[in-house]
Amino acid sequence: MGLDLGEKTIGVAVSDATRLIASPLELIRKSKFTHEAEQLFKLMAHRKVSALVIGLPVNMDGTEGPRAQSCRAFARNLERLRPINVAFWDERLSTSAVERFLIEDLDLNRKRRAEVVDRTAAAWILQGALDRVRDQASWI
């Protein structure tokens, strides 16, 4: 399962059983951490998710700022509630790439883009991680 942690929402994406294709799933509105965690754990159980890939908003120079630290804290807090495999994926430029795709390829208006951008960014993040794992496995 891939997560794009925004300020107001959490974009959620999942992969198919073969772990080849990531698809946007859902948007969780942020409120209290315990409520967000409960929703995530419910989705994970229903989908039989074995790991999370969380987008890490790294600065363009490679450093980690407050948003990246917040993502790491979110993962630590989840791990305190339940044992879970978490990986981070550098999400630099993922939102702008997704925005460009939604405008140029799908021709979505601003309102519709706002509804799907976080879920689609989560799928972009998860797809990047799935591709990397598959590429590394092909070298073995």
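All residue numbers here refer to positions counted from 1 along the written sequence of the relevant chain. In keeping with the predicted nature of the model, local features appear solely for residues at pLDDT of at least 70, side-chain atom pairs appear and are counted solely at 80 or more, and the whole-chain, interface and lining totals rest on all residues. As a convention, hydrogens and water are excluded, and side-chain values are obtained from all of the structure's heavy atoms.

(A) Summary view of the layout of surface pockets. The way it works is a 1 Å grid over only the protein atoms, where trapped points that fit a 1.4 Å probe form a cavity and open points with protein on both sides within 12 Å along at least five of seven lines form a pocket, and then any residue with an atom within 4 Å of a point lines it. Grid points are joined across faces, edges and corners, and a volume is the space filled by probe spheres set on the points. Taken as a whole, the largest pocket spans an internal volume of roughly 520 Å³. As for the largest pocket, its lining consists of 26 residues, and the residues nearest its centre are M1, S15, R19, S50 and L130. When residues of the lining of the largest pocket are traced back to their parent elements, those giving at least two are β2 (9-15), β4 (51-56), β5 (85-90) and α4 (110-138). Only DSSP runs of H or I covering at least 4 residues are called helices, and only runs of E covering at least 2 are called strands; the numbering of each starts at the N terminus. Considering each element in turn, the lining of the largest pocket owes the most residues, six residues, to α4. Side-chain classes are defined by residue name, with Ala, Val, Leu, Ile, Met, Phe, Trp, Tyr, Cys and Pro counting as nonpolar, Asp, Glu, Lys and Arg as charged, and the others, Gly among them, as polar. A breakdown of the residues in the lining of the largest pocket according to their chemical character gives 16 nonpolar, four polar and six charged.

(B) Representation of the pattern of salt bridges in the model. A pair is scored as a salt bridge if a Lys or Arg side-chain nitrogen falls within 4 Å of a carboxyl oxygen belonging to Asp or Glu. Evaluated as defined, the whole model comprises two salt bridges. One salt bridge connects R72 with E64, and the closest N-O pair in it is separated by 2.7 Å. By relative accessible area, which is 35% here, E64 ends up partly exposed. In this structure, R134 and D131 form a salt bridge, with 2.5 Å as the shortest nitrogen-oxygen distance. Linking R134 with D131, this pair stays in helix α4, spanning three residues, or about one helical turn. Exposure categories follow from relative accessible area, calculated using a 1.4 Å probe and restricted to protein chains: below 20% of the type maximum is buried, above 50% is exposed, and the middle band is partly exposed.

(C) Representation of the packing of helix α1 (residues 33-47) against helix α2 (residues 66-81) within the structure. Throughout, an axis means a line fitted to C-alpha atoms (over the contacting stretch in the case of helices), and angles, computed between N-to-C directions, take values from 0 to 180 degrees. α2 packs onto α1 with a crossing angle of 70 degrees between their chain directions and a minimal axis gap of 11 Å. Judged by the angle between their axes, α1 and α2 are roughly perpendicular. Between α1 and α2 lies a crossing of right-handed hand. Within the contact between the two elements, α1 uses F33, E36, A37, L40 and F41 and α2 uses F74, N77, L78 and L81. Here the word oblique covers every angle except those under 35 degrees (roughly parallel), over 145 (roughly antiparallel) and from 65 to 115 (roughly perpendicular). It is the rotation of the near helix from the far one that decides the hand of a crossing: anticlockwise by less than a right angle makes it left-handed, clockwise makes it right-handed. The contact rule is simple, with two residues in contact once any of their heavy atoms fall within 4.5 Å.

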